[in-house]
Amino acid sequence: MNSIVDPADFPATLKCTYLNTANVALMYRGAERAITGWQKDVAENGSINFDETAEATVFDELHSAAARLFNAGPEDIAVGSSATELLCSLAWAITPGPDTNVISTDIVFPSTLYPWLRVAKHTNCEIRLAKGQNSYVNPDDIIQLIDKRTAVVCVSHVEYISGQRYDIAKLAEAAHAHGALFVVDATQSAGAIPLDAPSCGIDALVCAAYKWLCGPFGAAVMYLAPYLQNDLEPGLVGFRSHKDMWDLHADRLEFPRTAKRFEFSTMAFGCAIGLTRSIEFLLDIDIGRIFMYNQYLVDLLIQGLEERNLEIISPCKDIERTSIVAARFPGKDPAEVARKLKEAQVMVSCRKDLVRFSPHLYNQPADIEKALGRIDEIL
Ligand SMILES: Cc1ncc(COP(=O)(O)O)c(C=O)c1O
């Protein structure tokens, strides 16, 4: 299969073997140019070009791009500075009460759970976690925790260590059958896996930019189901929270009746513009095509790791696998393996006792061969 991107759009691919998207992606060059262009303009021109109208409408393009990504409408999207920031604001907006529970997993990325833990400290709601074994959670264990007191089920679509992918529609159905909200962190999936938020029954979704979306640090998006857009009072508010941000009367706050109510302040606006370019770039290629291409790379990787008798802990079933592959190197310190690979210009991560590989659309079969060759030297 031929490469699906121009390497010039991801210049680092020309100097190293980058298999570390689950940590920090290579940023699409069109995004980097948009960000630096915006910063330069504001640095040199202040509000001459970035005037009040530009500031009020600065997220419009990102609303549209993210809406296409999640098969939603632009009014269903809010922009923030990080996935964690958006999730914190959402958790306080929901504030699950003392007689309720919130469900997640004990292998989830901390930022997906901490906002709920913080609210639970305040309201005394119960936190119930499905337990992982060898970095794997049986999805039925999540479903079994849900009962009539469940206020929220919040999971990461794809677990960050193992790459385990959940059947989102099935979890949403289980949550809704008990009247609970279903919240998804798509930071480890959006951009690499097609995701139709409304038809999967997702109530809210947050997603960072700097992983599979090939965007920057400093921008993130949220999807909020239409039926929630009128009720939730965001946990974080500021002048931008008002439906007319230039209203500027401190004694009144009227939220927009869209997801925009979760936008509250200034931010590194150029990052939002950059993220727009990244999402548009990925959509033009087609997320389904990216998914298939990444699976092809991952097949080569898994085969090579198995031939070397390394223990792959990532799920291999089609419905659960992704582009994250974590392996145990028996008798070896995983941090040392990752360090030696870096010395040989192969970028991976060490997570817990595992070495995590995460190829994306800018990789080629030759990258997998190179990584396997370096692994042979280490073994
Ligand atoms: C699943 C998941 N959610 C959230 C984050 C962090 O997102 P942010 O830095 O935008 O808060 C990470 C980072 O690794 C992650 O893996």
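Residues numbered from 1 in each chain as written. Predicted model: local features only at pLDDT ≥ 70, side-chain atom pairs only at ≥ 80, totals over all residues. Heavy atoms only, no water.

(A) Structural detail: the overall build of the chain. What the chain contains, in helices and strands, is 12 helices and 13 strands. Over its C-alpha trace the chain gives a radius of gyration of 21 Å, about what one expects of a compact globule, namely 21 Å for 379 residues. Taken over 379 residues, the chain has a buried fraction of 56%. A fraction of 74% describes how many contacts in the chain between residues 6 or more apart in sequence connect residues 24 or more apart. For the chain, the computed accessible surface area is about 15800 Å², with 50% contributed by carbon and sulfur atoms. Looking at charge distribution, the chain has the averaged site of its 35 positive side-chain charges lying 5 Å from that of its 49 negative ones. (Helix = DSSP H or I, 4+ residues; strand = E, 2+ residues; numbered from the N terminus. Rg over C-alpha atoms; globule rule 2.2 N^0.38 Å. Buried < 20%, exposed > 50% of the residue type's maximum accessible area, 1.4 Å probe, protein only. Contact = heavy atoms within 4.5 Å. Areas by Shrake-Rupley, 256 points an atom, 1.4 Å probe, with all protein chains shown as cover. Lys, Arg positive; Asp, Glu negative; His and termini not counted. Charge placed at Lys NZ, Arg CZ, Asp CG, Glu CD.)

(B) Fine view of the nonpolar core. Ranked by internal contacts, the top residues of the largest apolar core, which has 95 residues, are Phe70, Phe182, Ile202, Leu305 and Leu361. Ranked by residue count, the leading element in this core is helix 9 (residues 269-285), at 10 residues. Beyond its immediate stretch of four places on either side in the chain, Phe70 contacts Ile77, Ala190, Leu195, Asp196, Ala197, Pro198, Leu205, Cys207, Val221 and Tyr223. Core analysis: the next-biggest nonpolar cluster, separate from the first, contains 28 residues, Ala93, Val119, Cys125 and Leu228 among them. (Core = buried A, V, L, I, M, F, W, Y, C linked by side-chain atoms within 4.5 Å.)

(C) Examining the packing of aromatic side chains more closely. Applying the stated criterion across every chain, the model contains 13 aromatic pairs. On the numbers, 6.2 Å between centres and 45° between planes, the contact of Phe10 with Tyr28 is tilted. Linking Phe10 in the segment before strand 1 (17-18) with Tyr28 in the loop between strand 1 and helix 1 (29-45), this pair joins segments that are 18 residues apart in sequence. Classification of Tyr28 by relative accessible area gives buried; the value is 15%. A centroid spacing of 6.1 Å and a plane angle of 50° characterise the contact between Tyr293 and Tyr296, whose relative ring orientation is tilted. Taken together, the residues Tyr293 and Tyr296, both in helix 10 (residues 287-307) and 3 residues apart, mark about one turn of the helix. Judged by relative accessible area, which is 0%, Tyr293 ranks as buried. Classification of Tyr296 by relative accessible area gives partly exposed; the value is 24%. Three or more aromatic residues joined by ring pairs form one cluster here, namely Phe10, Tyr18, Tyr28, Phe281 and Tyr362. (Phe/Tyr/Trp six-rings, centres within 6.5 Å; stacked < 30°, edge-to-face > 60°.)

(D) Fine view of the packing of helix 1 against helix 9. Remark: helix 1 packs on helix 9, axes separated minimally by 8 Å, with the N-to-C direction vectors making an angle of 155°. Comparing their axes, helix 9 and helix 1 come out roughly antiparallel. Handedness of the helix 1/helix 9 crossing: right-handed. Here helix 1 contributes Gly30, Ala31, Ala34, Ile35 and Trp38 to the contact with helix 9, which in turn contributes Phe269, Gly270, Cys271, Ile273, Gly274, Arg277 and Ser278. (Axes fitted to C-alpha atoms, helices over the stretch in contact; angles between N-to-C directions. Parallel < 35°, antiparallel > 145°, perpendicular 65-115°, else oblique. Left-handed = near helix turned anticlockwise from the far one by under 90°.)

(E) Broad picture of the sheet that holds strand 13 (residues 354-357). Reading across the sheet, the 4 strands line up as 9-10-13-12 and stay open at both edges, with antiparallel pairing between neighbours. Each edge of the sheet is formed by a strand with only one pairing partner; in this case those strands are strand 9 (311-312) and strand 12 (349-351). Here strand 9 runs beside strand 10 (residues 325-328); their pairing, made up of 2 bridges, is antiparallel. The residue of strand 10 that forms the bridge with Glu311 is Arg328. Its contacts with the sheet put helix 10 on strand 9, strand 10 and strand 13, and the angle it makes with strand 10 is roughly 5°. (Pairing = 2+ DSSP bridges.)

(F) Molecular detail of the environment of Phe10. The exposure class assigned to Phe10 is buried, which follows from its relative accessible area of 1%. For the pair Phe10 and Met27, spaced 17 residues apart in the sequence, the C-alpha separation amounts to 6.8 Å. Setting aside chain neighbours within four positions, we find Phe10 in contact with Val5, Leu26, Met27, Tyr28, Cys214, Phe281 and Tyr362.

(G) Main features of the site of the ligand. Near the ligand lie 13 residues; those nearest to it are Ala83, Thr84, Asp185, Tyr210 and Lys211. Taking Ala83, its main chain carries an N or O atom lying 2.8 Å from an oxygen atom of the ligand. Interatomic distance of 2.7 Å between a side-chain N/O atom of Lys211 and an oxygen atom of the ligand. Protein coverage of the free-state accessible area of the ligand, which is 400 Å², stands at 89%. For the shell around the ligand, a count of residues per class yields 5 nonpolar, 6 polar and 2 charged. (Near = heavy atom within 4 Å. Polar contact = N/O pair within 3.5 Å; in protein donor to acceptor, adjacent residues only side chain to side chain. Nonpolar A, V, L, I, M, F, W, Y, C, P; charged D, E, K, R; others polar.)

Shape is all these values report; function is a separate question.
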